[in-house]
Amino acid sequence: MEKTKKQEQSRREFLKNSAIISTGVALTSSPINILAKEENKMNYVETKGYAAFDESGEIKPYTFKRRPVGDNDILIEIKAASICHSDIHQEKGHWGKQQYPQVPGHEIAGIVTAIGKDVTKFKVGDRAGVGCMVDGCTTCEEEQYESNTLFTYGYPDDREPTRITQGGYSKEIVVRDHFAVHLPDGVSFEKAAPLLCAGITTYSPLIKADIKKGDKVGVAGIGGLGHMAVKIAVSKGAEVYAFTTSADKVEDIKGFGAKEVIVVDDELKSLQEYTGQLDYMISTIPYQFNVAAYANVVKPYGYFTMVGMPVGFELTLSNIGLAFNRVNFNASLIGGMKETQEMVDYCVANDVLPEIQMIKASEITQAWKNVEDKKARYRYVIDTATI
């Protein structure tokens with residue numbers, strides 16, 4: 001009995017002391033302070049960027065934290081980031097509701113400033129590029145089609161303090177080393193950045209189509225992607241027929257090496273003359289259009305590849321139109337990392353580089369409007385020193 005009383009007394013004293021200690025902790029370390037200390041231990045990367053805060057299309061300054069550099073990660077100081085029409089579609093909610101604030105940008109070029117302990121692919125000081133993916137499968141040939149792929153912005157990621165991946169309109173980015181490519185010394189950061197989406201998105205299907213010298217290749221939509229498609233196809237020796245709705249681009253496109261430029265002011269009338277003449281066509285048009293009318297310029301059983309991503313990701317197709325022209329219709333999404341490195345090396349070695357316009361970060365909102373109004377010539381590139 002005596003022992004029991006002593007145990008009870010000890011228990012009460014323990015609870016009393018615990019309450020006092022707990023009260024002291026509560027007074028000196030609120031839950032917020034505890035979390036703050038934990039965050040500091042995590043070595044988050046504090047950075048600045050430009051983000052969408054809603055679906056308005058207005059891009060504003062944003063200070064935020066990125067996840068720590070993990071064992072297999074690299075930290076890149078971004079020197080240039082370019083604007084893709086996909087940035088606009090996603091941030092305006094054209095592809096579904098988004099979480100904000102969200103930093104867009106998946107055409108990124110910069111310098112490696114830190115590496116994880118298990119990284120062997122890069123060293124500090126290397127020039128590196130990042131495209132549409134930042135993590136995922138590292139053993140697949142086409143990582144972009146894997147279910148666990150983390151795309152560069154707006155994708156859930158619990159490692160990130162913002163709980164989503166944040167893109168390249170920023171000063172720094174943390175990325176799994178596998179999802180970065182080496183940038184050759186022979187290309188500027190500004191010219192390299194657009195290759196990481198516009199370049200690979202058009203290069204991949206053109207290479208898979210086995211474009212050869214003398215092939216008649218059509219390119220529909222001559223913007224950021226389309227002008228790269230023209231240049232790549234020309235570099236492979238193809239006769240390129242470029243289809244555009246912008247008459248003021250004709251001389252530019254001829255300068256890219258196109259054999260013929262067709263201004264499409266009426267889809268049926270403008271395209272009818274070329275019915276069944278081309279071996280292949282790639283379309284970069286990012287909105288609804290008469291797919292069958294464009295596909296009709298391809299020879300029966302030829303191939304038509306769609307890489308433009310319209311509102312809602314959906315296209316309205318005329319089944320009867322495609323049935324009559326007997327064209328094989330397919331679509332393509334960027335390219336795998338091995339192919340992306342191959343593309344960068346090829347484009348730099350063969351001087352197949354984008355036409356760019358440099359802008360300050362404060363000009364992004366206006367640049368987006370210009371892209372929508374088809375005024376870009378042909379890729380806006382953000383000088384990240386202005387963020």
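For the structure itself, look to the data block above.
Analysis parameters
Residues numbered from 1 in each chain as written. Predicted model: local features only at pLDDT ≥ 70, side-chain atom pairs only at ≥ 80, totals over all residues. Heavy atoms only, no water. Pairing = 2+ DSSP bridges. Helix = DSSP H or I, 4+ residues; strand = E, 2+ residues; numbered from the N terminus. Axes fitted to C-alpha atoms, helices over the stretch in contact; angles between N-to-C directions. Contact = heavy atoms within 4.5 Å. Buried < 20%, exposed > 50% of the residue type's maximum accessible area, 1.4 Å probe, protein only. Lys, Arg positive; Asp, Glu negative; His and termini not counted. Salt bridge = Lys/Arg side-chain N within 4 Å of Asp/Glu carboxyl O. Phe/Tyr/Trp six-rings, centres within 6.5 Å; stacked < 30°, edge-to-face > 60°. Expected span 1.5 Å × (residues − 1).

Undergrad: What exactly am I supposed to notice about the sheet that holds strand β13 (residues 278-283) here?
TA: Working definition: the strands of a sheet are paired by backbone hydrogen bonds and lie parallel or antiparallel to each other. With parallel pairing, the six strands of this open sheet are ordered in space as β12-β11-β10-β13-β14-β15. Single-partner strands in this sheet number two, and they are β12 (260-263) and β15 (328-331). Each strand of the sheet is rotated relative to its neighbour by a mean of 20°, with strand direction disregarded. Direction of pairing for strand β11 (residues 239-244) relative to β12: parallel, over a ladder of four bridges. Following the sheet pairing, Ala242 is matched in β12 by Val261. Relative to β13, helix α5 (residues 198-208) is tilted by about 155°, and along the sheet it contacts β10 (216-220), β13 and β14 (298-306).

Undergrad: Explanation requested: the side chain of Glu91 in the structure shown.
TA: By secondary structure assignment, the location of Glu91 is in helix α3 (residues 85-91). Buried charge without a partner: Glu91 forms no salt bridge, and the closest opposite charge is Lys92, 11 Å away. If sequence neighbours within four positions are ignored, Glu91 has contacts with Ala52, Asp54, Glu55, Tyr100, Gln102, Pro104, Tyr153 and Trp368.

Undergrad: Mind showing me how you'd approach the packing of aromatic side chains here?
TA: In this description, a pair of aromatic rings is defined by centroid distance and the angle of the planes. Under the defined criterion, the tally for this structure stands at eleven aromatic pairs. Geometrically, the ring pair formed by Trp95 and Phe313 is stacked, given 4.5 Å between the ring centres and 25° between the ring planes. Of this pair, Trp95 sits in the loop between α3 and β4 (108-115) while Phe313 sits in the loop between β14 and α10 (319-325), and the two are 218 residues apart along the sequence. Among the residues examined, Trp95 registers a relative accessible area of 19% and is labelled buried.

Undergrad: Sorry, what's going on with helix α6 (residues 224-235) here?
TA: Think of an α-helix as 3.6 residues a turn; residues three or four steps apart then line up on the same face. Over its twelve residues, α6 extends 17 Å from the first C-alpha to the last, a length consistent with the 16 Å expected when each residue adds 1.5 Å. Of all twelve residues that make up α6, ten are buried, and the element is covered over most of its length. Among all positions of α6, only Gly224, Leu225, Gly226, His227, Met228, Ala229, Val230, Lys231, Ile232 and Ala233 are buried. As for α6, its buried residues are in contact with α5, β10, β11, β13 and β17 (379-383). Following α6 by one or two positions, Gly237 adopts a phi angle in the positive range, close to 90°.

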